[in-house]
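# Residue-level structure breakdown
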Amino acid sequence: AVCSGWYGGPVSVTLSAADGGSGVAAIRYTLDGSEPTASSTVYSGPFTVSATTTVNFRAWDNAGNVEPTNSQLIQVDTTAPVSAITCNGSACAAGWYAATVNVAFSATDAESGVAVIRYTLDGSEPTASSTAYSTPFTVSATTTVKFRAWDNASNVEATNAQTIQIDMQPPSVVITSPAEGSTVNGNVKIMANATDAPSGIAQVTFYVNGTLIGTKTSAPYLINWNTKKLAAGEYTLVAVAQDAAGNTTASPPVQVRK
């Protein structure tokens, strides 16, 4: 067949010639870009080209006639492309997102060029029939994105996988001690119960009358509140829970008296 386009592996090259008069004496060729001469390699059978090469060749007949040089570029690309993913325009985070994520792909191939990037969102391996990437898309729940690129020589890279963790649900938090309306004195333990199913609780902060008095990053969520020097009166306690995605929730306020 006539050589054209890109090949994804070594190419077996065959040369042929015809002469209606004295007959073909020899076909000579070069692989270094030079013009074939009477001292160039004589073609004797198919040979292999393993990298992009320009084959120059010409035939001599038995009367000493020689044709003009023929030239054939054989393009060989045996290297797979390399693709990458971004989330919201930058490298995808290993942690959690608190909103939908805009996903984009890119790929490079130094030889034949990138033909297509294909991806899946259901955990399966991308194949030649999987969705072809064209424009950025959004992911609104935790998803494993699998993707790979093909080049114009049909080389395909190994599958890449990126898990995008999304938690748009705020945590829940409530102060369990002291009780609403209770009277406090001395060293008081303020305790909260905080839960978050998707990403988990990152921290709980405690406030008295709007002033931060402490933070806990792991359960049990409790701190000591020293009321010894406080004036008598009403105090409002609030706990604010933050999950690993950055969502926050404030507890119902608890009113206590000293």
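Our structure's up above, just so we're on the same page.
The structure reproduced in this document is the subject of the present report. Owing to the predicted nature of the structure, the values given are computational and were not obtained by experimental measurement. (Residues numbered from 1 in each chain as written. Predicted model: local features only at pLDDT ≥ 70, side-chain atom pairs only at ≥ 80, totals over all residues. Heavy atoms only, no water.)

All right, on to the overall build of the protein then. Assigned secondary structure in the protein consists of zero helices and 23 strands. The dimensions of the protein, computed from C-alpha atoms along their principal axes, are 120 × 30 × 25 Å. The buried share among the 258 residues of the protein stands at 39%. As displayed, the protein offers around 13,300 Å² of accessible surface, 51% of which is attributable to carbon and sulfur atoms. For the protein, the distance from the average position of its 11 positive side-chain charges to the average position of its 17 negative side-chain charges is 27 Å. (Helix = DSSP H or I, 4+ residues; strand = E, 2+ residues; numbered from the N terminus. Buried < 20%, exposed > 50% of the residue type's maximum accessible area, 1.4 Å probe, protein only. Areas by Shrake-Rupley, 256 points an atom, 1.4 Å probe, with all protein chains shown as cover. Lys, Arg positive; Asp, Glu negative; His and termini not counted. Charge placed at Lys NZ, Arg CZ, Asp CG, Glu CD.)

Our next topic: the state of the cysteines. A complete count under the given rule lists one disulfide for this structure. Across the disulfide, C87 is cross-linked to C92 (sulfur-sulfur distance 2.0 Å). The sign of the 85 degrees torsion about the S-S bond sets the C87-C92 disulfide as right-handed. (Disulfide = S-S within 2.5 Å.)

Take the sheet that holds strand β17 (residues 187-195) next. With respect to topology, three strands assemble into an open sheet ordered β16-β17-β20, the strand pairing being antiparallel. Two strands bound the open sheet, and with one partner strand each, they are β16 (172-177) and β20 (221-226). With direction set aside, neighbouring strand axes in the sheet form an average angle of 25 degrees. Strand direction decides the pairing type here: β16 and β17, joined by five bridges, are antiparallel. Pairing of S172 across the sheet is with T195, part of β17. (Pairing = 2+ DSSP bridges. Axes fitted to C-alpha atoms, helices over the stretch in contact; angles between N-to-C directions.)

So, about unusual backbone geometry. A cis amide bond, omega 0 degrees, links S177 with the succeeding residue P178. Positionally, P178 belongs in the loop between β16 and β17. Cis geometry is adopted by the peptide bond preceding P220, which originates at A219 and carries an omega value of -5 degrees. Tracing the backbone shows P220 in the loop between β19 (211-216) and β20. A positive phi is found at S154, a non-glycine position, where the angle reads about 75 degrees. Among the secondary structure elements, S154 is positioned in the loop between β14 (143-151) and β15 (160-166). For S154, a relative accessible area of 60% gives the class exposed. Unlike most non-glycine residues, N209 shows phi in positive territory, near 50 degrees. Mapped onto the fold, N209 is located in the loop between β18 (201-208) and β19. You can call N209 partly exposed: its relative accessible area is 45%.

With that out of the way, let us pick up the nonpolar core. Counting residues in each nonpolar core, the largest one holds 20 residues, and the members touching the most others are I190, V204, F206, W225 and L237. Going through the elements one at a time, β16, β17, β18, β20, β21 (234-243) and β23 (254-257) are the ones with two or more residues in this core. (Core = buried A, V, L, I, M, F, W, Y, C linked by side-chain atoms within 4.5 Å.)

Attention now goes to the side chain of S112. Along the chain, S112 falls in the loop between β10 (101-108) and β11 (114-120). Setting aside residues up to four positions removed in sequence, S112 forms contacts with W6, D77, D151, N152 and A153. (Contact = heavy atoms within 4.5 Å.)

Next up on the list: the sheet that holds strand β3 (residues 24-30). One open sheet accounts for five strands, arranged β1-β7-β6-β3-β4; its pairing is mixed. A strand with exactly one partner marks an edge of an open sheet, and here the two such strands are β1 (6-7) and β4 (41-42).

In this section: the pattern of salt bridges. It is possible for side chains of opposite charge to pair when their charged atoms get near one another. Evaluated as defined, the whole model comprises two salt bridges. K146 is the partner of E125 in a salt bridge, and the nearest nitrogen-oxygen pair spans 3.1 Å. Linking E125 in the loop between β11 and β12 (131-132) with K146 in strand β14, this pair joins segments that are 21 residues apart in sequence. Note on E125: relative accessible area 43%, which makes it partly exposed. (Salt bridge = Lys/Arg side-chain N within 4 Å of Asp/Glu carboxyl O.)

Another aspect to go through is the side chain of S251. Tracing the backbone through its elements, the reader meets S251 in the loop between β22 (248-250) and β23. Look at S251 and you get buried, because its relative accessible area is 5%. Those residues in contact with S251, other than ones at most four positions away along the chain, are V173, V174, I175, V238 and A239.

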